[in-house]
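Here is how the chains run, residue by residue.
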Amino acid sequence: MAEYDRQGSVGQPPVTGIGRRQLLGGTVSGASLFLAAPAAFAQFKVEVAGVGLTQRPFALAPFKRVTQVPVAVDQVVIADLERSGEFRQVASASGELDENTRPNFEPWRAVGADALITGSINQVAVGRWDVRYRLWDVVRGEDLGGVSFPAQDSELRLAAHRVADSVYEKLTGVRGVFATRVAYVTADGSQNRLWIADADGESPQAALDSPQPVISPAWSPEGERLAYVSFEARKPVVYVHTLATGKRQVVANYRGSNSAPAWMPDGKGLVATLSLAGHSQIYAIGLEGGRPTRLSDSQSIDTEPTFSPDGKLLYFVSDRGGSPQIYRMAAGGGNVQRITFSGGYNVSPSIAPDGNRMAYVGLVEGRYTLMVMDLTSGAAQPVPGALDVESPSFSANGRMIVYASRTKGRDELITTTVDGRVRTRLLGAKGDIREPAWGPFRD
Amino acid sequence: MFTTKSKTAQWLGALVVAAVLAGCGSTVPLDSKPVTVVDKSKADGAGQSAQSAGANTVAPVAVKSASLGDMGPENVGRIVYFDFDSAAVKAESREVILAHARYLRANPERRVVLEGHTDERGSREYNVALGQRRAESVAKTMLVFGVKANAMESVSFGEEKPAMLGSNEGAWEANRRVEITYR
């Protein structure tokens, strides 16, 4: 990737003779080597659009290209920005512009765009490309800089996501998550699979295929391994699975049940729930072996551990007070504080990357509801419209939450902005799709 | 990735692999197949096969086959049911548990696995712990009835292996259970 400064290079003269041409958002254009993934896994589809005023209008002029590009890079960028819920595309009003051409801003102001993305996709060699873009502030007529991303054929989609991330960060100051991945489980009869897909739901790859259930996938901090619980041994056992090689390591197969793995922020060990003391308690487990260290100390159920981002606190679920509630303790155990007080069933904590908010599931008026708590004040709100919820997981930038929802007897995945205004839905073709875990930033 | 043998399925499988190769940009290797877990849950075959005739006949040793007495005591139920959010063994379950405890005391080499389950409501991980608590509850009762601790293991399937599908009281009731199994 190369960043070029705001001056850029002086390129060709401005494009003249601009016609009005509507770009249809969302259609896949161009010839394509890319076969649609099996019908089971369409993209996350935007379900509820936010109120128009809160979304910033942008335009993308078709990226200049000489040869046919196997991936619809423009469309991927547009779809990413719209799926964030923070942007909406206005119709394009010109032909192709590349990143070096200073545009005439009037037609873009006329269609109401605040920002304009221009760019090009250049073939460097057979199977190798250079994707470049530049961002323009239409209102002030300013060049906001641009970036180029090298990509092989198989990385073109990722390059498009990186363009969208880069644009998003320039406009919001927040790092984008379009290049991240999501793990999830599908269950169809006795076929259970653990999938890794791009954050938009595309390009799913099955990491595990098992006749027995799989639950609780958890991304390692560097994004190269997954911990999960598999029942293939006819009891729950915690594995760590290296994605690039498919190699698996049994991390916890102690007497009884082993479940609820969560990574330590340094990636060198896990915490998990083990029953070897005769009831479900939380232990620290190093990946190099050695005896697990007990962290929780109750006669009750203690489970669903998850670290704060700085690694100093361990949040968990306990019924020591008579009902399942969320607590936290020091990372090494001790100094336990109760966090949820409202309602009789509060479980499945997920801590936002800034450490200040917690998403969780609370049983409210008979419905399992997605709740978000401000950890500084303790105030908690339900996320509007997020009901029948399981396993919420924050995105790496803390702006969105993915969760599984049971609708009409089937599980599906939903992403939502934290205010509940924009939701997208991923539906499996057959069977259930569940247990989502949003992966870390990819470097 | 797909293991069926029909030509159509193989061709589709090749297309899917091509799609994956064309579309991914991740660190999962491009030519990877998923790790496929062989189903280990199928029981071993029956005990020793019949002897073969021949000059080098070797007299078989009759190891006590796993299939004999595999199911524990005959004509005894194997399932203990529980109330919602409870792991308390109900009075009506004591007879069943006692029968299994007697069997285990009479057959000290046998090992029992108590498999705890829950209905589908709530967090999957909390349900693993609740199923575990139910299994442990049955184990404690067996301990009181004289079964040795190392003859028993308590495990949980949480809500993942329902006995009955459905989102209604009947299914929920049927799923809140411990299954007494001999492996």
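Reading the values: rules and limits
- Chains are numbered independently. Their residues run from 1 in the order of the written sequence.
- Numbering of ligands from 1 and lettering of chains from A proceed in the order in which they are written.
- Per-residue local features are limited, in this predicted model, to residues with pLDDT of at least 70; the limit for side-chain atom pairs, both in listing and counting, is 80 or more; totals at the level of whole chains, interfaces and linings are taken over all residues.
- Labels follow the DSSP assignment, with helices taken as runs of H or I lasting at least four residues and strands as runs of E lasting at least two, numbered in each case from the N terminus.
- To sort residues by burial, count the other C-beta atoms lying within 10 Å of each one's C-beta; a count of 20 or more means buried, 12 or fewer means exposed, and anything in between means partly exposed. C-beta atoms are built from the backbone.
- Contact criterion: two residues are in contact if their C-beta atoms, reconstructed from the backbone, are within 7 Å.
- Two strands pair under a simple rule: DSSP has to find at least two bridges between them.
- Simply put, an axis is a line fit to the C-alpha atoms, just over the touching stretch for a helix, and the angle between two N-to-C directions goes from 0 to 180 degrees.
- An angle below 35 degrees is treated as roughly parallel, one above 145 as roughly antiparallel, one from 65 to 115 as roughly perpendicular, and anything else as oblique.
- Left-handed describes a crossing whose near helix is turned anticlockwise from the far helix by less than a right angle; the clockwise case is right-handed.
- Basically, the charged four are Asp, Glu, Lys and Arg, the nonpolar ten are Ala, Val, Leu, Ile, Met, Phe, Trp, Tyr, Cys and Pro, and anything else, Gly included, counts as polar.
- The span you would expect from a helix comes to 1.5 Å times its residue count less one.
- For every residue, the predictor states its confidence as a pLDDT score lying anywhere from 0 to 100.

Broken down by element type, chain A carries 3 helices and 32 strands. Looking at the 443 residues of chain A, the share that counts as buried comes to 51%. For chain A, the share of sequence-separated contacts (at least 6 apart) that also reach a separation of at least 24 residues comes to 47%.

Moving on: the sheet that holds strand E3 (residues 112-117) of chain B. Residue and element names in this part refer to chain B. Read across the sheet, 4 strands follow the order E2-E5-E3-E4 without closing on themselves; strand pairing throughout is mixed. Here the strands that pair on one side only, and so sit at the sheet edges, are strand E2 (79-81) and strand E4 (152-158). Adjacent strand axes in the sheet meet at a mean angle of 20 degrees when their direction is disregarded. Taken together, the 5 bridges between E3 and strand E5 (residues 177-182) define a ladder with antiparallel strand orientation. In the sheet register, Val112 faces E5, and the bridge partner there is Tyr182.

The next thing to look at is the packing of helix H1 (residues 73-83) of chain A against helix H3 (residues 156-172) of chain A. If you want to describe how two helices pack, look at the angle between their axes and the distance between the axes. All names here are of chain A. For the pair H1 and H3, interaxial distance at closest approach is 9 Å and the crossing angle is 45 degrees. Comparing the axis directions of H1 and H3 gives the class oblique. Judged by the sense of rotation from one axis to the other, the crossing of H1 with H3 is right-handed. Every residue of H3 that contacts H1 at Val73, Val76, Val77, Asp80 and Leu81 is listed here: Leu156, Arg157, Ala160, His161, Val163, Ala164, Val167 and Tyr168. In terms of residue class, the contact of H1 with H3 is built from 10 nonpolar, 1 polar and 2 charged.

Tracing the chain through its elements places Ala106 of chain B in helix H2 (residues 94-106). Measuring from C-alpha to C-alpha, the distance between Ala106 of chain B and Val147 of chain B comes to 9.8 Å, with 41 residues separating the pair along the chain.

Quick look at the sheet that holds strand E27 (residues 380-387) of chain A now. Residue and element names in this part refer to chain A. Taken in spatial order, the 4 strands of this open sheet run E24-E25-E26-E27, and their pairing is antiparallel. Since the sheet does not close on itself, it has two edges, and those belong to strand E24 (346-351) and E27, each with one partner. Taking the axes of each pair of neighbouring strands and ignoring which way they run, one obtains an average angle of 30 degrees across the sheet. By the bridge criterion, 8 bridges tie strand E25 (residues 357-364) to strand E26 (residues 367-374) in an arrangement that is antiparallel. Across the sheet, the residue bridging to Met358 is Met373, located in E26.

Take the packing of H2 of chain B against helix H3 (residues 124-144) of chain B next. Residue and element names in this part refer to chain B. With their axes 9 Å apart at the nearest point, H2 and H3 run at an angle of 60 degrees to one another. With respect to H3, the element H2 is oriented oblique. For the pair H2 and H3, the sense of crossing is right-handed. For the pair H2 and H3, contact is made by Ile97, His100 and Ala101 and by Val138, Thr141 and Met142, respectively.

Attention shifts here to H3 of chain A. Residue and element names in this part refer to chain A. Its 17 residues give H3 an end-to-end C-alpha distance of 24 Å, which sits within 8% of 24 Å, the value for a rise of 1.5 Å per residue. Of all 17 residues in H3, 13 are buried; the element is thus mostly enclosed. One or two positions beyond H3, positive phi appears at Gly173, with a value near 80 degrees.

Attention now moves to the pairing of strand E28 (residues 389-394) of chain A. Residue and element names in this part refer to chain A. E28 sits mainly inside the fold: 6 of its 6 residues count as buried. Pairing of E28 with strand E29 (residues 400-407) involves 4 bridges; the strand directions are antiparallel. In the strand pairing of E29, Val389 is matched with Ser405. Counting the residues that bridge the hairpin from E28 to E29 gives 5 residues, and of these Gly398 lies at a positive phi of roughly 75 degrees.

What follows deals with the confidence of the model for chain B. All names here are of chain B. On average, residues of chain B score 79 in pLDDT, and 64% of them reach the 70 mark or higher. Residue range residues 16-27 is modelled with pLDDT below 50. Its contacts to residues more than four positions away, or to other chains, number 32 contacts. pLDDT under 50 marks residues 63-69. Its contacts with residues more than four places away, or in other chains, come to 7 contacts. Quick note on the complex model: pTM equals 0.83, ipTM equals 0.87.

Residues and elements named next belong to chain A. As for its position among the elements, Gly366 is in the loop between E25 and E26. Judged by local crowding, Gly366 falls into the exposed class, with 6 C-beta atoms found within 10 Å. Once the C-alpha coordinates of Gly366 and Asp388 are considered, the two residues, 22 residues apart in sequence, prove to be 9.5 Å apart.

The next point concerns unusual backbone geometry. Residues and elements named next belong to chain A. For Ser203, which is not glycine, the phi dihedral falls at a positive 55 degrees. Within the secondary structure layout, Ser203 lies in the loop between strand E10 (191-198) and strand E11 (205-210). With a phi angle near 55 degrees, Ser348 is a residue other than glycine that sits in the positive phi range. Considering the arrangement of structural elements, one finds Ser348 in strand E24.

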